[in-house]
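Results of the structural survey
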Amino acid sequence: MKKIINGVDQVENEMIQGMVKAYPQYLRKLDCGNVVVRAEKKEGKVALISGGGSGHEPAHGGYVGEGMLDAAVAGAVFTSPTPDQILEGIKAVAADQGVLMVIKNYTGDVMNFEMAGEMAEMEGIPVKQVVVNDDVAVKDSLYTVGRRGVAGTVFVHKIAGAKAEAGASLDEVQAVAQKVIDNVRTMGMAIKPCTVPASGQPGFELTDEEMEVGIGIHGEPGTHREPLKKADEIVDMLLEKILADIDYTGREVAVMINGSGATPLMELFIINNHVADVLAAKGVKVYKTLVGNYMTSIEMAGFSISLLRLDDEMKELLDAKADTPAFKA
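About the thresholds
Every chain's residues receive numbers from 1 upward, in the order its sequence appears when written. Residue-level local features of this predicted model are given only where pLDDT is at least 70; pairs of side-chain atoms are given and counted only at 80 or more, and the full residue set underlies all totals for whole chains, interfaces and linings. Side-chain calculation: all heavy atoms of the structure are included, whereas hydrogens and water are not. When a carboxyl oxygen of Asp or Glu lies within 4 Å of a side-chain nitrogen of Lys or Arg, that pair is called a salt bridge. The secondary structure listing takes helices from DSSP runs of H or I that are at least 4 residues long and strands from runs of E that are at least 2 residues long, numbered from the N terminus. The pairing criterion for strands is at least two bridges between them, as found by DSSP. In this analysis an axis means a line fitted to C-alpha atoms, helices contributing only their contacting stretch, and an angle means the value between N-to-C directions, from 0 to 180 degrees. Whether two residues are in contact is decided by their heavy atoms: any pair within 4.5 Å suffices. Each patch is assembled from residues with relative accessible area greater than 30% and no salt bridge, linking like charges that lie within 9 Å and nonpolar side chains (Val, Leu, Ile, Met, Phe, Trp, Tyr) that lie within 5 Å. Accessibility throughout is a Shrake-Rupley quantity obtained with a 1.4 Å probe, and a residue counts as covered only by protein chains that appear here. All tallies of charge rest on Lys and Arg as positive and Asp and Glu as negative; His and the ends of each chain are not included. By convention, the charge on Lys lies at NZ, on Arg at CZ, on Asp at CG and on Glu at CD. Three exposure classes are used, based on accessible area relative to the maximum for each residue type with a 1.4 Å probe and protein chains only: buried under 20%, partly exposed in between, and exposed over 50%. What sets the label is the angle itself: under 35 degrees gives roughly parallel, over 145 gives roughly antiparallel, 65 to 115 gives roughly perpendicular, and the rest give oblique. Crossing handedness is read from the near helix: turned anticlockwise from the far helix by less than a right angle, it gives a left-handed crossing, and turned clockwise, a right-handed one.

Attention shifts here to the pattern of salt bridges. A complete count under the given rule lists 21 salt bridges for this structure. Arginine 147 serves as the salt-bridge partner of aspartate 245, at 2.6 Å between the closest nitrogen and oxygen. With aspartate 245 in helix H6 (residues 231-245) and arginine 147 in the loop between strand E6 (127-132) and helix H4 (153-165), this residue pair connects regions lying 98 residues apart in the sequence. The salt bridge involving lysine 315 is made with glutamate 252; its shortest N-O contact spans 2.6 Å.

Listed below in structure tokens is the structure:
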């Protein structure tokens, strides 16, 4: 294993410390584990908390700031944070208006966030949740019952965060977050695995001539493995599955071309070039496009495509001000 680290047991802590030292105007680290909150607490409004295993940077700490999250909780690499860490995050950001938990659909994340939410409610904090399940690749996986939550989660952070920033109620923030979930679909692929520091071995093996289609953000198997194709053919394959899941015809969409951590921007823009052409040919109007590393898998080489079907409210909230280390609008 080749990693630029000091020690396997310090990866997550030193990563969070480095992030906070890079962005002290945005972030503050709590004393209890790897929990980051806004440097200046948002008062009198609904707070948003999210998180999950480390290794997906800039998710989730990079989205803490104005117009998005109030707190992010990082577990060990690809491992859910514990309920007590999540509870401390909730308590640190909660106001009377309550807290919305944005959870990706992985069994450990759902169980631990729900447990933390129940404990917070016992302390008098109103808590609601949404569970993101945007991955169209597989119905069930090694880590989930139902579809996985992947890069579309960033759209939930942005739109629900803007709704909370505008002073909406907890029910209203939950409703718009659920609306995003109902209208976003994602599918990805990979050509090279990543290595979790604690294991020291690649999560899977691919030859130079192979690709994994429908892979998860932890390196979970996808729908199938096949010979590597040209970029346009890969895009066609992923978009076919996404567009078949809900009807985007005649609608405006936000597009996210998300890198898995080791995919050059050059290649992501090549991918977006064909995505835009296919959508135009199918009568789907692109309102906004995001290209870059938004939810990674350490150094996995690959990408995902997310399409969010928009209405006027979501467009307004997507355009609303956001000022975080990893996302600005």
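That was the structure; now back to the text.
Pairing within the open sheet is mixed, and its six strands lie in the order E1-E2-E4-E3-E5-E6. One side of each edge strand has no neighbouring strand; the edge strands of this open sheet are strand E1 (27-29) and E6. Sheet twist, expressed as the mean angle between neighbouring strand axes with direction ignored, is 25°. Helix-sheet contacts for helix H1 (residues 11-22) involve E1, strand E2 (35-38), strand E3 (47-54) and strand E4 (71-77), and the interaxial angle to E1 is about 145°.

This part is about a negative patch on the surface. Together, Asp232, Glu233, Asp236, Glu240 and Asp277 make up a region of like negative charge exposed at the surface. With four residues, the top contributor of residues to the negative patch is H6. Looking at where aspartate 232 falls in the secondary structure, it is placed in helix H6. The class of aspartate 232 is partly exposed, set by a relative accessible area of 36%.

Let us look at the sheet that holds strand E7 (residues 184-192). If you walk across this open sheet you meet the six strands as E9-E8-E7-E12-E10-E11, and the pairing is mixed. The open sheet is flanked by strand E9 (224-227) and strand E11 (285-292), the only strands paired with a single partner. On average, adjacent strands in this sheet sit at an angle of 20° to one another, irrespective of strand direction. Note that E7 and strand E12 (residues 301-309) share eight bridges and pair antiparallel. In the strand pairing of E12, glycine 188 is matched with serine 304.

Look at helix H2 (residues 83-93) against helix H3 (residues 107-122): their axes get within 8 Å of each other, and the N-to-C directions meet at 50°. Looking at the two axes, H2 sits oblique to H3. In terms of crossing hand, the pair formed by H2 and H3 is right-handed. Contacts from Pro83, Asp84, Ile86, Leu87 and Ile90 of H2 reach H3 at Asn112, Phe113, Met115, Ala116, Gly117, Met119 and Ala120.

If you trace the backbone, aspartate 182 turns up in helix H5 (residues 170-183). What makes aspartate 182 partly exposed here is its relative accessible area of 40%. Sequence spacing of aspartate 182 and proline 193 is eleven residues, and the spatial spacing of their C-alpha atoms is 30 Å.

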